[in-house]
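An overview of the molecular structure
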Amino acid sequence: MLQEDRFVRIQSLLASIDRLSTDRLIQDMQVSRETVRQDLLALESMGLVRRVHGGVARVTQDEPPFVQRQALRVAEKRAIAKAAVKRLQPGQMVFIDAGTTTAILAEELSLISRLVVVTNSITVALKLAGTQAPAGTVNRMRVVLLGGDTNPEIPCTYGEVTLNEIRRYRADVTLLSPVGISAEDGVTFGNEHEASLASAMAEQSSSMLVLADYSKIGLRSRYAVACPPAQQTLITNAHPANTEALAALGAQGVAVLPV
């Protein structure tokens, strides 16, 4: 098992168990005690786990800066975006949040005619504006950038003005790119404003597509999104280390679509 796969496996196990013993990890991954020790040291240095006597404990998950995330797992995010487009229909209204996967999604949405996109992502709005047909064109996409305060760390709008504008719309689908998704806590974000906006979008739409690459499966962060699992479809990358976490999500009622 490659080191990256071991990292995903350890975090996946910690999504459902607060603490893991070193012996459990040795047995589960069929590696040496020294390999586990090095893996835990590396994960702790990245702030992803907390080492304790005899093993490792879970920590809440925070995301690296937006600029850094844009360069991570681009191929995986592209595959997820392409699968998400196939779930949408011409003429639908969709909410899109301000994640790096949804930014890639924007590059694929020009294939759908008469789509109405309502977003707080400045990146998504600019990418879609560049692909729009001239005004008056029958199949023209409409792009609505929600007003509100601006975020110096993420190119998006947020706050009460944004929340109030979301409530004006009734969308068919909400597309979210969260920090993590787990059976225990559902869809979670590391930022309170992002979670509030995602919850508002989910409340104002009929269904939700969660776009989460394999590294986010089983992870939990600080702020949860209010949306029944039965309304959620998770689009993620097929990955052997996530089998248990995906099965647990399916048992909760989340429709899992691996790509």
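Please refer to the structure placed before this passage.
Being a predicted model, the structure only gives us computed values, none of them experimental.

**A look at the pattern of salt bridges**
Scanning the model with the defined rule gives 13 salt bridges in all. The partner of Arg73 in a salt bridge is Asp213, with the nearest N and O atoms 3.1 Å apart. With Arg73 in the loop between helix H4 (66–69) and helix H5 (74–85) and Asp213 in the loop between strand S12 (205–211) and strand S13 (223–224), the pair connects residues that are 140 residues apart, well separated along the chain. When its relative accessible area of 27% is taken as the criterion, Arg73 is described as partly exposed. The salt bridge involving Lys82 is made with Glu108; its shortest N-O contact spans 3.3 Å. In this pair, Lys82 sits in helix H5 while Glu108 sits in the loop between helix H6 (100–106) and strand S5 (116–119), placing the two residues 26 residues apart along the sequence. Among the residues examined, Lys82 registers a relative accessible area of 43% and is labelled partly exposed. The exposure class assigned to Glu108 is buried, which follows from its relative accessible area of 11%.

**A short note on the nonpolar core**
Val118, Ile181, Ile217 and Leu234 are the most contacted members of the largest nonpolar core, which has 31 residues in total. Looking at this core, the elements with two or more residues in it are strand S4 (93–96), S5, helix H8 (160–166), strand S9 (171–176), strand S11 (186–189), helix H9 (192–203), S12 and helix H10 (243–252). Considering each element in turn, this core owes the most residues, 6 residues, to H9. Core analysis: the second largest hydrophobic core is formed by 23 residues, Ala106, Leu115, Val117 and Leu128 among them.

The rules behind the values
- Residues numbered from 1 in each chain as written.
- Predicted model: local features only at pLDDT ≥ 70, side-chain atom pairs only at ≥ 80, totals over all residues.
- Heavy atoms only, no water.
- Salt bridge = Lys/Arg side-chain N within 4 Å of Asp/Glu carboxyl O.
- Helix = DSSP H or I, 4+ residues; strand = E, 2+ residues; numbered from the N terminus.
- Buried < 20%, exposed > 50% of the residue type's maximum accessible area, 1.4 Å probe, protein only.
- Core = buried A, V, L, I, M, F, W, Y, C linked by side-chain atoms within 4.5 Å.

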